[in-house]
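Below are the chains, spelled out letter by letter.
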There are 2 protein chains.
Amino acid sequence: MPTRIFFEIIGIAAGILTTVSFIPQIVKGYRTKNLEGVSLLMYLILTSGFSMWLLYGILIKALAVVVANIFAIAFSVTILIMKSYYTHGQK
Amino acid sequence: MPTRIFFEIIGIAAGILTTVSFIPQIVKGYRTKNLEGVSLLMYLILTSGFSMWLLYGILIKALAVVVANIFAIAFSVTILIMKSYYTHGQK
């Protein structure tokens with residue numbers, strides 16, 4: 001099914017973009033050691049949402065959705081941990 | 001197809017979570033008038049990614065993906081505008 005493969009390439013490109021988008025936030029947070037302006041609640045809800053997208057991707061067998069959301073969960077959890085550490089872990 | 005409807009409900013729940021997750025960031029930014037810690041590059045890449053997801057959702061006819069990404073684009077563009085305004089528009 002070449003058409004389906006083309007669709008999955010679009011999906012994989014979308015997944016790569018939305019997933020790597022968190023890297024600049026992680027780098028910025030690591031450099032400035034300040035994620036004060038970043039909403040904790042946003043990343044808590046986002047992590048729950050990515051987990052649901054992962055389940056959805058598994059159910060409808062959409063590979064791009066599955067792979068993208070595994071990485072998205074890893075990055076959003078990293079931001080949550082960094083924010084928590086920089087807020088509470090330091091003087 | 002009741003099974004497909006169940007899958008779409010999971011997808012819609014996922015879409016609602018990841019989409020509404022941006023609301024706390026918008027509210028926090030509006031209250032503090034400070035989005036300095038938030039990465040501009042993240043939201044630029046994220047908006048491009050959501051646009052690709054929207055295209056993917058249209059191609060594979062996944063309603064949840066389409067609806068979620070229309071809202072996601074609206075919210076991420078809002079954060080981009082707010083960040084730009086608070087950074088450059090004010091003294």
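Structural data are supplied above this passage.
The structure reproduced in this document is the subject of the present report. It should be emphasised that the depicted structure is a prediction, and the values quoted were computed from it without experimental measurement.

### Details of the overall build of chain A
Right, so step 1: Across its full length, chain A holds 4 helices and 0 strands.
Right, so step 2: Going from N to C terminus, chain A has its helices and strands arranged as α-α-α-α.
Right, so step 3: For chain A, whose C-alpha radius of gyration is 15 Å, the value lies well above the compact-globule estimate of 12 Å for 91 residues.
Right, so step 4: In terms of principal-axis extent, the alpha carbons of chain A reach across some 60 × 20 × 15 Å.
Right, so step 5: Going through the 91 residues of chain A one by one, you find that 49% of them count as buried.
Right, so step 6: Contacts in chain A between residues far apart in sequence, at least 24 positions, make up 72% of those at least 6 positions apart.
Right, so step 7: Total accessible area computed for chain A in this model is approximately 4900 Å², and 75% of it derives from carbon and sulfur atoms.

### Notes on the interface of chain A and chain B
Right, so step 1: Contacts between chain A and chain B engage 40 residues on the former and 40 residues on the latter.
Right, so step 2: Between chain A and chain B, a total of about 3300 Å² is buried, with carbon and sulfur atoms accounting for 77% of that surface.
Right, so step 3: Looking at the side of chain A facing chain B, the largest losses of area belong to M42, W53 and Y56 of chain A, adding up to 18% of the total buried there.
Right, so step 4: The interface formed by chain A and chain B contains 0 salt bridges.
Right, so step 5: Counting across the chain A and chain B interface gives 12 residue pairs in polar contact (both at pLDDT 80 or more).
Right, so step 6: Elements that contribute at least two residues to the side of chain A that touches chain B include exactly α1 (2-20), α2 (22-32), α3 (40-59) and α4 (63-89) of chain A.

### Some details on the packing of helix α1 (residues 2-20) of chain B against helix α2 (residues 22-32) of chain B
Residues and elements named next belong to chain B.
Right, so step 1: Where α1 meets α2, the closest approach of the two axes is 4 Å, and the angle between their N-to-C directions is 15°. One element, α1, and the other, α2, form an angle in the roughly parallel class. The residues of α2 that touch α1, namely those facing T18, T19 and V20, are F22, I23 and P24.
Right, so step 2: The class makeup of the residues in the contact of α1 with α2 is 4 nonpolar, 2 polar and no charged.

Rules and cut-offs
- Residues numbered from 1 in each chain as written.
- Chains lettered and ligands numbered in written order.
- Predicted model: local features only at pLDDT ≥ 70, side-chain atom pairs only at ≥ 80, totals over all residues.
- Heavy atoms only, no water.
- Helix = DSSP H or I, 4+ residues; strand = E, 2+ residues; numbered from the N terminus.
- Rg over C-alpha atoms; globule rule 2.2 N^0.38 Å.
- Buried < 20%, exposed > 50% of the residue type's maximum accessible area, 1.4 Å probe, protein only.
- Contact = heavy atoms within 4.5 Å.
- Areas by Shrake-Rupley, 256 points an atom, 1.4 Å probe, with all protein chains shown as cover.
- Buried area = accessible area lost by both parts, 1.4 Å probe.
- Salt bridge = Lys/Arg side-chain N within 4 Å of Asp/Glu carboxyl O.
- Polar contact = N/O pair within 3.5 Å; in protein donor to acceptor, adjacent residues only side chain to side chain.
- Axes fitted to C-alpha atoms, helices over the stretch in contact; angles between N-to-C directions.
- Parallel < 35°, antiparallel > 145°, perpendicular 65-115°, else oblique.
- Nonpolar A, V, L, I, M, F, W, Y, C, P; charged D, E, K, R; others polar.

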